[in-house]
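# Notes for the structure review
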Amino acid sequence: MTIPPETGTVDTPHADTSAVNVKKNHAADGRPRDNNDPRNKQQRGNQPRRDRRDVHGWVVLDKPIGMTSTQAVAVAKRLFQAKRAGHAGTLDPLASGGLPIALGEATKTVPFVMDGRKRYRFTVTWGEERDTDDTEGRVVETSPNRPDVAAIRALLPQFTGRIEQTPPRYSAIKIQGERAYDLARDGEVVELQPRPVEIHELTLVDQPDTDHSVFEAECGKGTYVRALARDMGRILGCYGHISALRRTLVGPFTENDMIPLEQLEALCNRAASGEGSLADALLPVETALDDIPALAVTRADAARLHRGQAVLLRGRDAPHSSGTVYVTVAGRLLALAEIGNGELIPKRVFNLTGLTASSGRNERD
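A short tour of the structure in this document, coming up. Just so it is clear, the structure is predicted and the values come from calculations on it, not from any experiment.

## Points about the overall build of the protein chain
Scanning the protein chain for helices and strands turns up nine helices and 19 strands. Put simply, the protein chain has 365 residues, and 46% of those count as buried. Pairs at least 24 apart in sequence give 71% of the contacts found in the protein chain among residues at least 6 apart. When the accessible surface of the protein chain is totalled, it reaches about 18,900 Å², and 46% of it is carbon and sulfur.

What follows is the structure in structure tokens.
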């Protein structure tokens, strides 16, 4: 089973919940539980509940192989006891690397990360094409041919720039309301139409043996690396599929920002015992807005924006440009806003009350 990378909703196995429901709906002696019985309500009320809190910022998990993106978000949410969390770009269970997780008000900035460039380092195994375009799929084509370095390098320009790419059959794209990977698993023939994607750079970085080639790719939103391996294998006449994948860049987040799961858990455990702060693991909410101009306003204008009211831009320091900006007051993020017709119009207002990134993390390495 494969969880589609890069875009779309994570597909997770549907667990058998029948045993869980039996335990939940029956008493210890096996008789059906009366949910209106006050004794049962009291028993449920005595169970400890962990209070959720307001946590705002980004944690860039160096996701380990074998974990789904949904599981990673759940772990981060639990460690921070955060009320809200989400991720900016699905990463396969078989892949490792950068999974930016937005906590609290950072979830309002997820689209800016999703729209950013992504960089991958991946290994293609030649000689087999699989129905999922990775190692977890069924072999559908084989070939004894193997490409040499010269043939591979000669091919790369065809996959650089704006190209047409047909997504994998096992992808999160919807067909008449159904996910393509659900239809494929049900045995239906999935025909997806090619669509334009942008591959800014594609490089062959290693050829450890005749069966494997290692590449690095920097691409835009919607690009499937699995499809890239599939299509290269077909043109080279040898077939191919992804056998290793690591994401090293997502929007503004690089490998320097990543924190391994073990390190994050250790930091959270130390913070729980009073030996540190969870804020040290966070990057500021505005880190996701690195490519957007910033505009500082007065406290009086900030109060208007916070109420959802537009602010007139006057004076010699008023910006002459138009478009999206992020607004700050006294160095603190206030809102996302649009400049137009001499006005600053708030679109998303931030409420950063609660745990935020420590001041030292505002200066990135």
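## Topic: the packing of helix α3 (residues 69-80) against helix α8 (residues 261-272)
Where α3 meets α8, the closest approach of the two axes is 10 Å, and the angle between their N-to-C directions is 15°. Taken together, the axis directions place α3 and α8 in an arrangement best described as roughly parallel. Our pair here, α3 against α8, has a crossing hand that is left-handed. Facing α3, whose interface residues are V75, R78, L79 and F80, α8 presents L261, L264, E265 and C268. Class assignment for the residues of the contact of α3 with α8 results in six nonpolar, no polar and two charged.

## Digging into the pairing of strand β17 (residues 323-329)
Within β17, five of the seven residues are buried, which leaves the element mostly enclosed by the surrounding structure. As paired strands, strand β15 (residues 294-296) and β17 are joined by three bridges and run parallel to one another. Across the sheet, residue L295 finds its bridge partner in β17, namely V327. Two elements, β17 and strand β18 (residues 332-340), share seven bridges in a ladder whose sense is antiparallel.

## Details of the side chain of D131
Summarising the element assignment, D131 is placed in the loop between β5 (128-130) and β6 (139-142). D131 gets classed as buried once you look at its relative accessible area, which sits at 9%.

## Remarks on the sheet that holds β18
The five strands lie next to each other as β15-β17-β18-β19-β16, forming an open sheet whose pairing is mixed. If you trace the sheet from one side to the other, it starts and ends with β15 and β16 (311-312), each paired once. Each of β16, β17, β18 and β19 (343-349) is contacted by helix α9 (residues 299-306), which is oriented at about 55° to β19, the strand it contacts most.

## Remarks on the nonpolar core
Counting residues in each nonpolar core, the largest one holds 50 residues, and the members touching the most others are F80, I101, F122, L202, F215, M232 and L264. It is α3 that contributes the most residues to this core, six residues altogether. When residues no more than four places from it in sequence are discounted, the contact partners of I101 are G57, W58, V59, L61, A72, V73, A76, G86 and H87. Judged by nonpolar contacts, the second largest core, of 20 residues, contains V250, V285, F350 and L352.

## Considerations on the pattern of salt bridges
For the structure shown, the criterion picks out 16 salt bridges. Residue R130 is joined to E128 by a salt bridge in which the shortest nitrogen-to-oxygen separation is 2.7 Å. Residue E128 is classed as partly exposed on the basis of its relative accessible area of 26%.

## What to know about unusual backbone geometry
Residue Q81 is not a glycine yet carries a positive backbone phi of 55°. Here Q81 is to be found in the loop between α3 and β2 (85-87). Take Q81: its relative accessible area is 23%, and that puts it in the partly exposed class. Its identity as a non-glycine residue notwithstanding, D133 has a phi of 65°, on the positive side. Its location among the elements puts D133 in the loop between β5 and β6. Overall, the relative accessible area of 3% leaves D133 in the buried class.

About the cut-offs
- Residues numbered from 1 in each chain as written.
- Predicted model: local features only at pLDDT ≥ 70, side-chain atom pairs only at ≥ 80, totals over all residues.
- Heavy atoms only, no water.
- Helix = DSSP H or I, 4+ residues; strand = E, 2+ residues; numbered from the N terminus.
- Buried < 20%, exposed > 50% of the residue type's maximum accessible area, 1.4 Å probe, protein only.
- Contact = heavy atoms within 4.5 Å.
- Areas by Shrake-Rupley, 256 points an atom, 1.4 Å probe, with all protein chains shown as cover.
- Axes fitted to C-alpha atoms, helices over the stretch in contact; angles between N-to-C directions.
- Parallel < 35°, antiparallel > 145°, perpendicular 65-115°, else oblique.
- Left-handed = near helix turned anticlockwise from the far one by under 90°.
- Nonpolar A, V, L, I, M, F, W, Y, C, P; charged D, E, K, R; others polar.
- Pairing = 2+ DSSP bridges.
- Core = buried A, V, L, I, M, F, W, Y, C linked by side-chain atoms within 4.5 Å.
- Salt bridge = Lys/Arg side-chain N within 4 Å of Asp/Glu carboxyl O.

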